[in-house]
Amino acid sequence: MKKTYKIDVDCANCANKMEVAANQTPGVKEAVVNFMALKMKVEFEEGADEKTVMQEVLKNCKKVEDDCEIFL
């Protein structure tokens, strides 16, 4: 399953850090952050619970960029 989320991030470098953090989260098959559109596209692994995985993605992103936001 793929979903797109609106994000809030200040710079392209921060968006890149968010993408790396999201891709390292268990349950995420692939995450792509588009800084210009302020969107994150996430493809989930088979059988992953989207809400639980996205809570972990948000936590991991906050570790690398504390003022970022993902609108779940």
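Going by the structure above, here's the rest.
Residue indices follow the written sequence of each chain, beginning from 1 at its first position. With pLDDT at 70 or above as the cut-off, local features in this predicted model cover only qualifying residues; side-chain atom pairs require 80 or more to be listed or tallied, and sums for whole chains, interfaces and linings still use all residues. Side-chain numbers here rest on the full set of heavy atoms in the structure, without hydrogens or water.

**As for the overall build of the protein**
- In terms of helices and strands, the protein carries 2 helices and 4 strands.
- The order of helices and strands in the protein, counted from the N terminus, is β-α-β-β-α-β.
- Here the C-alpha radius of gyration of the protein, 11 Å, is about what a compact globule of 72 residues would show, namely 11 Å.
- Viewed in the frame of its principal axes, the protein has a C-alpha envelope of about 35 × 20 × 20 Å. Put simply, DSSP marks the helices as runs of H or I at least four residues long and the strands as runs of E at least two long, and each gets a number from the N terminus on. In this treatment the radius of gyration is a C-alpha quantity, and the globule benchmark scales as 2.2 Å times the residue count to the 0.38 power.

**Section: the nonpolar core**
- Counting 21 residues, the largest nonpolar core has Met18, Met40, Val42, Met54, Val57, Cys61 and Ile70 as the members making the most contacts within it.
- For this core, the secondary-structure elements that each account for two or more residues are strand S1 (2-8), helix H1 (12-23), strand S2 (28-34), strand S3 (39-44) and helix H2 (50-64).
- Contacts: residue pairs with any heavy atoms within 4.5 Å of one another. With residues up to four places along the chain from it excluded, the contact list for Met18 reads Ile7, Val9, Val33, Met40, Cys61, Val64, Cys68, Glu69 and Ile70. Throughout, nonpolar core names a set of buried Ala, Val, Leu, Ile, Met, Phe, Trp, Tyr and Cys residues whose side chains join them through atoms within 4.5 Å. Each residue is placed in one exposure class: buried if its accessible area under a 1.4 Å probe, protein chains only, is under 20% of its type's maximum, exposed if it is over 50%, and partly exposed if it falls in between.

**Focus on the environment of Asp10**
- Within the secondary structure layout, Asp10 lies in the loop between S1 and H1.
- On a C-alpha basis, the gap between Asp10 and Leu38 in space is 9.6 Å, while along the polypeptide they are 28 residues apart.
- Residues within four places of Asp10 in sequence aside, it is in contact with Phe35 and Asp67.

Remember that the coordinates give geometry; whether it matters functionally is a separate question.
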